Amino acid sequence: MIPSKGYAAQSAEKDLAPWSFERRNMGPHDVEIAIQYCGVCHSDLHQIKNEWFPGIFPMVPGHEIVGNIIRIGNHVKKFKNGDLAGVGCMVDSCRTCENCQEGLEQYCLKGNIGTYNSKGKDGLPTYGGYSNNIVVHEDFALHISDKLSLSAVAPLLCAGITTFSPLRHWKVGKGHKLAVLGLGGLGHMAVKFGVSFGAEVTVLSTSPDKEKAAKALGAHHFIVTKDAEQMKAAKGSFNFILDTVSAKHDLPLYLSLLKTNGVHICVGAPTEPHTIPAFALLGGRKSVAGSGIGGIPETQEMLDYCAAHNIVSDIELIDIKDITASYERMINGDVRYRFVIDMGTL
Ligand code: NAP
Ligand code: ZN
Ligand code: ZN
């Protein structure tokens, strides 16, 4: 086994704390990555607090991983030692179902294997990127360009692909009015991609103080969702709403902002179910849809797109010992827009 150290939650009631553990031995197609940076996703917090489902503890979160390859298995073709590499939310899947065959491993019919809070094909728990290393099959590691700031690339592995994928699927671009609901880690990437794809982008936010920053990200308009007048004026105006909100919110209120045939795309994953009256949908033939991360081929496409268009995340680099305080700040919306752990501080 390969020794590893990181930060783990020993149970849903405990804060993250230093923990030593072991990674599996290298298989012929495995690579070992020395992790340099790992982004902090709101999903990490949902999971260590058991907000979605009972988790597997001890839990080492982290699925926005970047670093260097330091060891390769005998049959590895995709990487060589020293290469930059990234790992996102998945480390394996069945590889044979129709979705896996189409490169939609995130929708594997047998369930993809999560980077953490999951069990590998060997039956052992997987541990994420709040750690010094990871062993992963080469097929689930991504190439990272050396043109971009590595710490600012880390969040692309989840926040990036989770917003890139639905915008591509629904072909959002020129001539479309896109609203991004919630300006956090996912939301700020949705603004960058929406603008880059040519859409007219409006941020819908509970935080009036984010307006200037939203415009600096490229957003064309900004609406404070608590302001009834601004909301009334925006009724029936968007083709798409990309909903990145992490907490309970009033979906029918936002559905009223869609044009006829408009689509409300949920990527945020609040704990409580949404309540949607039929009338909020049938007046205007509206749809509510969802989208989960992105497959491996599309994640590589997104990373290459970002390298070509100079797109990265706006980050605040943190020391791993400040992780619990950073979660508090994330809950309070006090981050512009993604915390990234400098793994050198481990
Ligand atoms: P985040 O950085 O905390 O951003 C969430 C944003 O939602 C906040 O910045 C805030 O924006 C808004 N918000 C928070 N509470 C709200 C409330 N009560 N009502 C209205 N708006 C509220 O979180 P994130 O990392 O971007 O993740 C967002 C959600 O996406 C999480 O639930 C996460 O688990 C989920 N997620 C899903 C996928 C997927 O595959 N679909 C992948 C990754 C993450 P304003 O201040 O602008 O209002
Ligand atoms: Zn995530
Ligand atoms: Zn599959």
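Everything below is about the structure shown above.
Everything numeric here is computed off the predicted structure, so don't read it as measured data.

Draft legend 1. Quick peek at the site of ligand 1. Near ligand 1 lie 29 residues; those nearest to it are Ser205, Thr206, Ser207, Lys210 and Arg338. In the complex, 87% of the free accessible area of ligand 1, which totals 930 Å², lies under the protein chains. Of all elements in the fold, only helix H1 (42-48) and helix H5 (185-196) reach the threshold of two or more residues within the shell around ligand 1. With 3 residues, H1 is the largest single contributor of residues to the shell around ligand 1. In terms of residue class, the shell around ligand 1 is made up of 11 nonpolar, 15 polar and 3 charged.

Draft legend 2. Quick peek at the pairing of strand E1 (residues 2-8). Across the 7 residues of E1, 5 count as buried, placing the element largely inside the fold. For E1 and strand E2 (residues 17-23), the ladder comprises 7 bridges, and the chain directions are antiparallel. Counterpart to Gly6 in the pairing with E2 is Trp19.

Draft legend 3. Region of the structure containing the layout of surface pockets. Looking at the second largest pocket, its volume works out to about 360 Å³. Taken together, 20 residues line the second largest pocket, and the ones lying closest to its centre are Arg24, Asp122, Pro125, Thr126 and Val135. Elements with a contribution of two residues or more to the lining of the second largest pocket: E2, strand E6 (90-92) and strand E8 (133-137). In terms of residue count, E8 provides more of the lining of the second largest pocket than any other element does, 4 residues in total. Its residues assigned to classes, the lining of the second largest pocket shows 9 nonpolar, 4 polar and 7 charged.

Reading guide: rules and limits
- Residues numbered from 1 in each chain as written.
- Chains lettered and ligands numbered in written order.
- Predicted model: local features only at pLDDT ≥ 70, side-chain atom pairs only at ≥ 80, totals over all residues.
- Heavy atoms only, no water.
- Near = heavy atom within 4 Å.
- Areas by Shrake-Rupley, 256 points an atom, 1.4 Å probe, with all protein chains shown as cover.
- Helix = DSSP H or I, 4+ residues; strand = E, 2+ residues; numbered from the N terminus.
- Nonpolar A, V, L, I, M, F, W, Y, C, P; charged D, E, K, R; others polar.
- Buried < 20%, exposed > 50% of the residue type's maximum accessible area, 1.4 Å probe, protein only.
- Pairing = 2+ DSSP bridges.
- 1 Å grid on protein atoms, 1.4 Å probe; cavity = no way out; pocket = protein on both sides within 12 Å on 5 of 7 lines; lining within 4 Å.
- Points joined across faces, edges and corners; volume = space filled by probe spheres on them.

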